[in-house]
Each structure stands twice: as C-alpha cells, then as structure tokens.
Amino acid sequence: MKRDRFTWLVYLLLAFYAYFLNVLGPITPFLKDELHLSYTASSLHFTAFAAGLLLIGLMGQTVIRRLGETRALWAGAIGISVSSLILVAGRSVLVTIAASFCMGLVGSLILATVPLVLSRHHGHLRSVAIAEANVAASLASTAAPLMVGLAARVPGGWRWALAVAALAPLMARPWLARSAARQSDSHSIDAAPADAATRQKRLPKLYWLLWSALLLGVSLEFCMISWSASYLISSLGMAKANAAQSLSLFLAGMLIGRVAGSRLLRRFSPHAVLMGSIGVASIGFALIWAASRIPEGLIGLFVTGLGIAGLYPLLLSLGIAVAPNSVEASARAALASGIAILALPLVLGRLADMVGLRPAYALVAVLLVAIFLIVLISQQKTHARPRSGRHFVE
C-alpha cells in the first residue's frame, strides 16, 4: 500500500482527535479541584464530548457534503484547537463543559471523515489503511495521560498538555493545503461522482448488521477501560494505585494488536483477522475471569487488549465496504461510537450496583459472543453478495 503525504496527514489528524478524546479523563481531577466540582459535575465534561459526537453521527453526512471532505477534516481540527483553548482559559464549569461539547461536536468531523477518505483513497486496501490510522490513534491515546502528568509538574500545570497540542493544526495547515490540491486533481477527495449517484440510496441491512457489531465493539473497549481497574481491586485485592496503572497494559495490548492487525491484513481477509481478534479477546477475558492471583489478571488484561484492538477498525472498514453511500456510512459509524461511549459503561455501572461488579463484568463475555455471532452472520451474507462492483468486501 502506498502511503503518500495525504495518507500520513489523515493518520495524524485521527491521532490528534484521539489525543483530545482521551485527555479529558486525566484532566478531570484537576478541573474538579480548581472549580470545586462534584464528581457528577466533573464527569459531565466527557458526557458533553460524547453528546457532540452523537450529533455528528446523526447529521455529519450533511456537513461533510456541504464542506467537502478536506474542509471537514480541517474544520474538525480547528474546532478541537479553539475549543481546547477555551477549556484551558475557562474559569467556570459552564464554560469548560460547553468547550468540551464543542470539541466533541466539531472535532468529531474528523472521526466521521477519516474512514471515508481512506476508503476512497486506498480502495480495496481500505482495511489496512483504517487499521494503520487506528495505530496512530492508539499511540496518541496512550500519550494523552502521560502528557497531562508531565505538564502537571511544570509551571502552568496541566493546561500545557492541551495548549501545546492545540497548535498542531496550524503547523499541519500548509501540508494539508498542498495534499488536498493534489488529491482534488485525482478525484480521490471531495464530492466523488459515485456518491452523487448513490446519495439517495439507503444503507443496506448488511451495513446495519455490521454497525450493530461496531456499536458493541466500541462498548466493549470502553467497558474494559472504565471498569477493569475496579474489577482488579474488588476481585483480586489489588491496590488502587496499582490497579489504575495496570490499565496501561490494556492500552499497550491494543497498540500492539493494531500494529499486528495491520500487517496480518496483508495476508488474510478482514473477516479472518476479525475472527482471530475475537478469539484472542475471549481468551484474555477468560484469563481475567478465572484469575486467582494478580499476575494472571494482568496477563489477561494485556491479552484482552490485543484482541479488542482489531474490532473497531475491521468492523468499520467492512461496514463502509458494503455501503453504497460511503458518506452516510462513515457518519453513522461515528454515531455508533457516540452511543457506545455514552451509554454502555453507565449500563455496566448500573448493573454493578444491582448485582455486584463480578456478575456485571460478565457483560464483557456477553458482548464478545454477540459480536462473534453478528460477524459470522455478516460473513455468510457477504459471501452471498456479487463479487463484481465497488462494494464487495475484499
């Protein structure tokens, strides 16, 4: 696969988005102390970001068509930068929550547009490109809490972690302009004729089947991120500080899994790699569930991250591949992420209050089984589709 300047730029923009998506959690304790907030009020920053993401999932295709894909990417990047600077300067909870909402609303244009442009630019190699873009996103996600920790140790504090990163689009702008001009000449980007012909077509049932698996896959990822530390504390007696740090094993597993997945896609079909990812994640969760000692639980956490890593990029690429309207398909994928991030960790938390954390944590296994069944059904339906034309899943 040819990784030209535009491809690398798209990778970096998705990483930029992922950084700010994951920086809100680490800065929440600082906002709580400085603004004298309750736990509920401080948690509303991430809720507001997710609400913005939900809106983009509902109306993103209209915005992308009006702006064009390159301008949508640029608008998302500038939106994140301006919103983050408002958050940094904010001295009122209303200002900081509003900034978080705008960051999620405008910034999520990046999330909705990246799969679309990579799919058009790389065609049947879309799965590899989307997987590699998510490797960059994983790197940025891992860097976010580290940057907040480093910034907190210098004068000015945690705000530097946002303020410095907010300058990235200004540095990338000249690169973006040159790349966009080249891509417009080749008709890879902005208002592709094929989409104009298919704009009125509804997304097929196969897309929505894969969309439901995507929703469950993102839910699975954020349930693990939200509740694994609590599970290790309650079930294995791990110290709170150590349990919080152990989440880095899950994130490291996801990073390695995405790197490995992007390479496996060069030799195996997306469905085959996806089934392997589900199998690895299932083994990892079984290790966590059966663990009686802390090292066993930590190994299970790492292996689960290895497997879960491939679910989002693979399901996303498969969904876009079967959709006649790639703009709407990409926007609806962002909707799945918004619903999952906003709802499923809360559902697991409520379930834990009702029946206890260990039984509630079993929801992870239920999600894995459901994803497996959906992927199995979608694979059968995909093989039954004609192999000619643009929308066959390679």
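Since this is a predicted model, take the numbers as computed values, not measurements.

1. As for the overall build of the protein
Now for step 1: A count of helical and extended segments in the protein gives 16 helices and zero strands.
Now for step 2: Counting over 394 residues, the protein shows a buried share of 55%.
Now for step 3: In the protein, the share of contacts with a sequence separation of at least 24, taken over all contacts with a separation of at least 6, comes to 86%.

2. Regarding helix α13 (residues 311–321)
Now for step 1: The element α13 is extensively covered by neighbouring structure, given that eleven of its eleven residues are classed as buried.
Now for step 2: Those residues of α13 that fall on the buried side of the exposure criterion are L311, Y312, P313, L314, L315, L316, S317, L318, G319, I320 and A321.

3. With respect to the side chain of S141
Now for step 1: Along the chain, S141 falls in helix α5 (residues 126–151).
Now for step 2: Owing to a relative accessible area of 14%, S141 belongs among the buried residues under this scheme.
Now for step 3: Side-chain polar atoms of S141 contact the side chain of N22, separated by 2.9 Å.
Now for step 4: Apart from the residues within four sequence positions on either side, S141 is in contact with A18 and N22.

4. Section: empty space enclosed by the protein
Now for step 1: Summed over all chains, the structure comprises three cavities of 30 Å³ or more.
Now for step 2: The calculated volume of the largest cavity comes to roughly 410 Å³.
Now for step 3: The wall of the largest cavity is formed by 27 residues, among which L21, N134, A137, E221 and R258 lie closest to the centre.
Now for step 4: Elements represented by at least two residues in the lining of the largest cavity include exactly α1 (5–35), α4 (93–122), α5, α9 (205–236), α10 (240–264), α13 and α14 (326–355).
Now for step 5: Examining the composition of the lining of the largest cavity, we find that six residues originate from one element, α5, more than from any other.
Now for step 6: When its residues are assigned to classes, the lining of the largest cavity shows 19 nonpolar, six polar and two charged.
Now for step 7: At the level of elements, α9, α13 and α14 are the ones that each hand at least two residues to the lining of the second largest cavity.

5. Observations concerning the layout of surface pockets
Now for step 1: In this structure, the largest pocket encloses a volume near 1600 Å³.
Now for step 2: Contributing to the lining of the largest pocket are 35 residues, with G25, P26, I225, S226 and L247 lying nearest its centre.
Now for step 3: Of all the elements in the fold, those that place two or more residues in the lining of the largest pocket are α1, α2 (39–67), α5, α9, α10 and α14.
Now for step 4: Partitioned by chemical class, the residues of the lining of the largest pocket number 20 nonpolar, 14 polar and one charged.

6. Quick look at the environment of G107
Now for step 1: With respect to the element layout, G107 can be found in helix α4.
Now for step 2: The sequence separation of G107 and I78 amounts to 29 residues, and the corresponding C-alpha distance is 7.8 Å.
Now for step 3: Once residues lying within four places of it in the same chain are set aside, the contact partners of G107 are Y17, G76, I80 and C102.

7. A short note on unusual backbone geometry
Now for step 1: Phi is positive for H36, which is not a glycine, with a value near 55°.
Now for step 2: Of note, H36 is situated in the loop between α1 and α2.

8. Re the packing of α9 against helix α12 (residues 294–308)
Now for step 1: For the pair α9 and α12, the least separation of the axes is 11 Å and the interaxial angle reads 175°. In terms of orientation, α9 lies roughly antiparallel with respect to α12. The residues of α12 that touch α9, namely those facing L220, E221, M224, S228, L232 and L236, are I294, G297, L298, L301, T304 and I308.

9. With respect to the confidence of the model for the protein
Now for step 1: The predicted model of the protein averages 84 in pLDDT, with 88% of residues at 70 or higher.
Now for step 2: Considering only residues more than four positions removed or in separate chains, one finds that residues 184–198, a stretch of pLDDT under 50, has 24 contacts.
Now for step 3: Segment residues 387–394 is flagged for pLDDT under 50; beyond a separation of four residues in sequence, or across chains, it makes 22 contacts in the model.

10. What about the environment of I78?
Now for step 1: Considering the arrangement of structural elements, one finds I78 in helix α3 (residues 69–89).
Now for step 2: By relative accessible area, I78 is classed as partly exposed at 28%.
Now for step 3: As a C-alpha pair, I78 and P169 span 91 residues in sequence and 6.7 Å in three-dimensional space.

11. Overview of the packing of α5 against α13
Now for step 1: Direction vectors running N to C along α5 and α13 enclose 145°, while the axes themselves pass 9 Å from each other. In the packing of α5 onto α13, the handedness of the crossing is right-handed. Judged by residue contacts, R126, S127, I130, A131 and N134 of α5 engage Y312, P313, L316, S317 and A321 from α13.

12. Observations regarding the nonpolar core
Now for step 1: Counting residues in each nonpolar core, the largest one holds 121 residues, and the members touching the most others are F20, I27, L87, I110 and L162.
Now for step 2: In terms of residue count, the dominant contributor to this core is α1 (18 residues).
Now for step 3: With near-sequence residues (within four places) excluded, F20 lies in contact with I80, S84, M103, L162, A165 and A166.

13. A few points about the side chain of S337
Now for step 1: Inspection of the secondary structure assignment puts S337 in helix α14.
Now for step 2: Beyond its immediate chain neighbours, meaning those up to four positions away, S337 contacts L53, L111, V218 and Y312.

Here is what the cut-offs are and how they apply
Residues numbered from 1 in each chain as written. Predicted model: local features only at pLDDT ≥ 70, side-chain atom pairs only at ≥ 80, totals over all residues. Heavy atoms only, no water. Helix = DSSP H or I, 4+ residues; strand = E, 2+ residues; numbered from the N terminus. Buried < 20%, exposed > 50% of the residue type's maximum accessible area, 1.4 Å probe, protein only. Contact = heavy atoms within 4.5 Å. Polar contact = N/O pair within 3.5 Å; in protein donor to acceptor, adjacent residues only side chain to side chain. 1 Å grid on protein atoms, 1.4 Å probe; cavity = no way out; pocket = protein on both sides within 12 Å on 5 of 7 lines; lining within 4 Å. Points joined across faces, edges and corners; volume = space filled by probe spheres on them. Nonpolar A, V, L, I, M, F, W, Y, C, P; charged D, E, K, R; others polar. Axes fitted to C-alpha atoms, helices over the stretch in contact; angles between N-to-C directions. Parallel < 35°, antiparallel > 145°, perpendicular 65-115°, else oblique. pLDDT = per-residue confidence, 0-100. Left-handed = near helix turned anticlockwise from the far one by under 90°. Core = buried A, V, L, I, M, F, W, Y, C linked by side-chain atoms within 4.5 Å.

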